[in-house]
Amino acid sequence: PESRHVLETSGSTEILFSDSWDYVTLRLPFKRKPRFMENQVLMPSLLFVAVSYIQFWVDPGQAPARAALAVIPVLIMLTMSSSVYSSLPEGSQEMWLSDNLMALTFVCSISALQFVLIQVCLMREQVCSEKVKGLSRIGETARKLLEQADRDEKSLPDVLEKYQPIEEQGMRASSKAMIDDNIKECDMLYVEYVNMIFKRFDTGGSDNMLHLDEIRRAMTYFGIYISKGQLAETTCKFLRDIGVATPENERQVEITCMQFCRFLQNQGKYELRPRPKTIRGYLESNPPSKLCDLVARVIIPLFVIVQQLWLQERLSVY
C-alpha cells in the first residue's frame, strides 16, 4: 500500500565525471525550534545577570553579601556555557547562543571586578576615617591650646614655635612656656599634624590661606566628602560662629591654619545638610565607593540592552 508519509523537497539530477555516473541532489531545509534553548539557557542567563546587578544596590560595607552576588552568577554562567557546548558538536564555527552567553558572562565578570574595586575604595576610605577618629581622640586635649592661641592672638606657627622643647647641655626638655601653661607634647600632636596637612594642600603657599578648592581637597583627605556649594556655606557659618566676617560670595571664602584646626574639630556640628540640588554637587558629596555603584547602576543595564540589540541585529549572519 502507498505510504501516507511523503517527503517533498526540491532537487536536481546531474551527470558528473565524464558521463559515468548520475547524481541526484536533494535540498533538505531544517528549521530549529528555539523554545528549549530559550527556556533553559537564554532566559536563565538573563535572570542571573539581573541577580548580579542586584549587588550594586547592596551596602558596599556588606562584603559577604556583595561577594556572593558577584561571584555566584559568574560560576553559574560558566557552568551553563559548558552545558551548552557539551550538547553541540565540537567546532570553531560561530554560534549565536554561545556568543550571547559569552557576552553575558563578560558582564557578570565585570560586575565581580567592580566588587574588587569597591573593596579597594572602602579600604582607602577607612584609612581616611581612622585619621578623623584619631584626631578626635587628641583634639579635645588640643582645644585648650587653640583657645590659648586665640587669647594671645597668635598664629599657629607662632604657637608651635612657642611650645617647642629646648635643648640644654645636649638634652631636650620642656620649655618654660610649656610648663607654665601646662601644655604637653601629646597636646601638640593634633596641631602639628593639621599644620602639616594645611601646608600640603596650600598650593599658593605665600598667603597661608586655604581657598575653597583647597579646603575641599583637605577635607577629602580626612574622608569628609561634601560638595563645593555646601562646603562654602558650612565654612562661612563656622567662621561667623567664631566671630569672623565672611565674603558676600561664599565661594570666595578663605581660612587660616588656626581656623582650619578649629573647623576640623567642629565640622560634625554642621553635618545636617540638605541633599545637593545639582548632579555635580551630588557626585561631589559621595565617596568613591558609592560613586562606583552609581556608575554601575547606569552603565551595566545600558551595556546589556545594547549587547542584546546588537546580537539580534546580527542574527541573520549566523
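Residues numbered from 1 in each chain as written. Predicted model: local features only at pLDDT ≥ 70, side-chain atom pairs only at ≥ 80, totals over all residues. Heavy atoms only, no water.

Draft legend 1. Examining the overall build of the chain more closely. For the chain, the count of helices and strands is 11 helices and 4 strands. Surface summary for the chain: the accessible area is close to 20600 Å², and the carbon and sulfur share equals 59%. (Helix = DSSP H or I, 4+ residues; strand = E, 2+ residues; numbered from the N terminus. Areas by Shrake-Rupley, 256 points an atom, 1.4 Å probe, with all protein chains shown as cover.)

Draft legend 2. Region of interest: the environment of Thr278. Position of Thr278 relative to the elements: it lies in the loop between α9 (257-266) and α10 (279-284). For Thr278 and Ser227, which are 51 residues apart along the polypeptide, the C-alpha to C-alpha distance reads 9.7 Å. In this structure the side chain of Thr278 is engaged in a polar contact, spanning 3.1 Å, whose partner is the backbone nitrogen of Gly281. (Polar contact = N/O pair within 3.5 Å; in protein donor to acceptor, adjacent residues only side chain to side chain.)

Draft legend 3. Seen up close, the packing of aromatic side chains. Tallied over the entire structure, the rule returns 7 aromatic pairs. With a centroid separation of 6.1 Å and an interplanar angle of 50°, the aromatic rings of Phe106 and Phe303 are classed as tilted. With Phe106 in helix α3 (residues 96-152) and Phe303 in helix α11 (residues 288-313), this pair connects stretches of sequence that are 197 residues apart. Aromatic rings pair up to connect Tyr193, Phe201, Tyr221 and Phe222 into one cluster. A cation over an aromatic ring shows up here: Arg297 above the ring of Trp57, its NZ or CZ 4.1 Å from the ring centre. (Phe/Tyr/Trp six-rings, centres within 6.5 Å; stacked < 30°, edge-to-face > 60°. Lys NZ or Arg CZ within 6 Å of the ring centre and 35° of its normal.)

Draft legend 4. Region of the structure containing the nonpolar core. Judged by nonpolar contacts, the single largest core of 36 residues is most densely connected at Tyr163, Leu210, Met219, Phe222, Leu231, Phe260 and Leu264. Elements with a contribution of two residues or more to this core: α4 (156-162), α5 (176-180), α6 (185-201), α7 (212-221), α8 (228-241) and α9. With 7 residues, α6 is the largest single contributor of residues to this core. Among the nonpolar cores identified, the runner-up in size contains 21 residues, and Ala70, Val84, Trp96 and Val107 belong to it. (Core = buried A, V, L, I, M, F, W, Y, C linked by side-chain atoms within 4.5 Å. Buried < 20%, exposed > 50% of the residue type's maximum accessible area, 1.4 Å probe, protein only.)

Draft legend 5. Quick look at the pattern of salt bridges. For the structure shown, the criterion picks out 4 salt bridges. Of the charged contacts in the structure, one is a salt bridge between Glu233 and Lys237, with a shortest N-O distance of 3.2 Å. Here Glu233 pairs with Lys237, and both are found in helix α8, just 4 residues apart, close to one helical turn. Taking relative accessible area as the criterion, Lys237 reaches 37% and is therefore assigned partly exposed. (Salt bridge = Lys/Arg side-chain N within 4 Å of Asp/Glu carboxyl O.)

Draft legend 6. Summary view of the side chain of Ser111. The topology assignment puts Ser111 in helix α3. A distance of 3.5 Å separates a polar atom in the side chain of Ser111 from a polar atom in the side chain of Ser52. With residues near it in sequence (within four places) discarded, Ser111 still touches Ser52, Gln55, Phe56, Ala70 and Ile300. (Contact = heavy atoms within 4.5 Å.)

Draft legend 7. Local environment of the side chain of Glu125. Locating Glu125 in the fold gives a position in helix α3. Nearest to the buried, unbridged Glu125 among oppositely charged side chains is Arg124, at 8.4 Å. With residues up to four places along the chain from it excluded, the contact list for Glu125 reads Tyr225, Pro287, Pro288 and Ser289. (Lys, Arg positive; Asp, Glu negative; His and termini not counted.)

Draft legend 8. Structural context of the packing of helix α1 (residues 35-54) against helix α2 (residues 63-86). One way to put it is that α1 packs onto α2 with a least axis distance of 8 Å and a crossing angle of 165°. Between α1 and α2, the angle falls in the class roughly antiparallel. Considering the relative orientation of α1 and α2, their crossing is left-handed. Where α1 approaches α2, its residues Val41, Pro44, Ser45, Phe48, Val51, Ser52 and Ile54 are matched on the opposing element by Leu69, Pro73, Ile76, Met77, Met80 and Val84. (Axes fitted to C-alpha atoms, helices over the stretch in contact; angles between N-to-C directions. Parallel < 35°, antiparallel > 145°, perpendicular 65-115°, else oblique. Left-handed = near helix turned anticlockwise from the far one by under 90°.)

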